Amino acid sequence: MGVSLEREISASGEATLLLEFARTVRQLEGLTAMEINAAGEKGDSSFHSLSKPLAGLRILLISHDPLVRGEVDKAAGVLGLKVDTVASVEQALRCVRLDMPHLVIIDERLHDDSFDVLLREVKGRDPNLGFLEITDDANTFEVSSWMSDSMTRVSRDALRAQLTSLLTLELARAM
């Protein structure tokens with residue numbers, strides 16, 4: 001697999017294990033991110049033929065707020081992602097039934113019972129698909145755990161600073 005392994009055992013018996021996967025990580029605003037390969041260049045090793053770049057993955061944004069749409073478009077553009085935007089959960093449900101996105105982002109203002117139906121339907125088809133909620137609560141930054149049903153949440157005031165990293169994290173988690 002081309003994975004380097006490093007193990008360190010402290011005097012107290014505590015062990016630290018570091019696994020480094022070749023060509024799959026870069027540092028991105030403090031978070032580890034999957035390699036972005038928008039140019040489609042070939043790797044220098046046959047071990048990397050199965051790695052998936054983020055470029056070309058699709059995000060479904062459920063929002064009618066032009067500021068949210070603009071920030072998501074900017075962050076997605078940096079990562080080479082495609083954004084499909086809808087103004088209602090009903091439209092999102094139709095989109096998901098036609099073609100499953102790689103990540104769903106919802107404006108908290110549109111999060112209602114019909115979104116919970118969408119969430120259950122999508123999680124039934126793909127339990128690893130990421131969901132991100134943009135909230136009105138000031139200074140909110142919550143990252144869902146790998147094994148929980150919680151949703152990653154970020155406040156509107158933190159979008160510009162955190163969105164690129166959150167998109168990368170959520171998409172990496174889904175792969």
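See the structure above.
Residues numbered from 1 in each chain as written. Predicted model: local features only at pLDDT ≥ 70, side-chain atom pairs only at ≥ 80, totals over all residues. Heavy atoms only, no water.

Chemist: Provide a residue-level description of the environment of L171, including the pertinent values.
Modeler: In this fold, L171 is placed in helix 4 (residues 159–174). Counting along the chain gives 41 residues from L171 to G130, while the straight-line C-alpha distance between them is 6.6 Å. (Helix = DSSP H or I, 4+ residues; strand = E, 2+ residues; numbered from the N terminus.)

Chemist: Which residues make up the packing of helix 2 (residues 89–98) against helix 3 (residues 113–125), and what are the values?
Modeler: Two quantities define a packed helix pair, namely the angle between the axes and the distance from one axis to the other. One way to put it is that helix 2 packs onto helix 3 with a least axis distance of 9 Å and a crossing angle of 15 degrees. In terms of axis orientation, helix 2 runs roughly parallel to helix 3. Judged by the twist between their axes, the crossing of helix 2 over helix 3 is left-handed. Contacts from V89, E90, A92, L93, V96 and R97 in helix 2 reach S114, F115, L118, E121, V122 and R125 in helix 3. (Axes fitted to C-alpha atoms, helices over the stretch in contact; angles between N-to-C directions. Parallel < 35°, antiparallel > 145°, perpendicular 65-115°, else oblique. Left-handed = near helix turned anticlockwise from the far one by under 90°. Contact = heavy atoms within 4.5 Å.)

Chemist: Kindly report on the nonpolar core, identifying the contributing residues and their values.
Modeler: L81, I105 and L167 are the most contacted members of the largest nonpolar core, which has 21 residues in total. For this core, the secondary-structure elements that each account for two or more residues are strand 5 (58–62), helix 1 (66–79), strand 7 (103–107), strand 8 (130–135) and helix 4. With 18 residues, the next largest nonpolar core counts V89, A92, L119 and F131 among its residues. (Core = buried A, V, L, I, M, F, W, Y, C linked by side-chain atoms within 4.5 Å. Buried < 20%, exposed > 50% of the residue type's maximum accessible area, 1.4 Å probe, protein only.)

Chemist: Can you lay out the sheet that holds strand 5 for me, pointing to particular residues and giving the numbers?
Modeler: Across the sheet, which stays open at both edges, the six strands sit in the order 6-5-7-8-10-9 with mixed pairing between neighbours. Each edge of the sheet is formed by a strand with only one pairing partner; in this case those strands are strand 6 (82–86) and strand 9 (141–142). Direction of pairing for strand 9 relative to strand 10 (residues 152–155): antiparallel, over a ladder of two bridges. In the strand pairing of strand 10, E142 is matched with R153. The strands touched by helix 3 are strand 5, strand 7 and strand 8; relative to strand 8, the strand with the most contacts, the crossing angle is about 160 degrees. (Pairing = 2+ DSSP bridges.)

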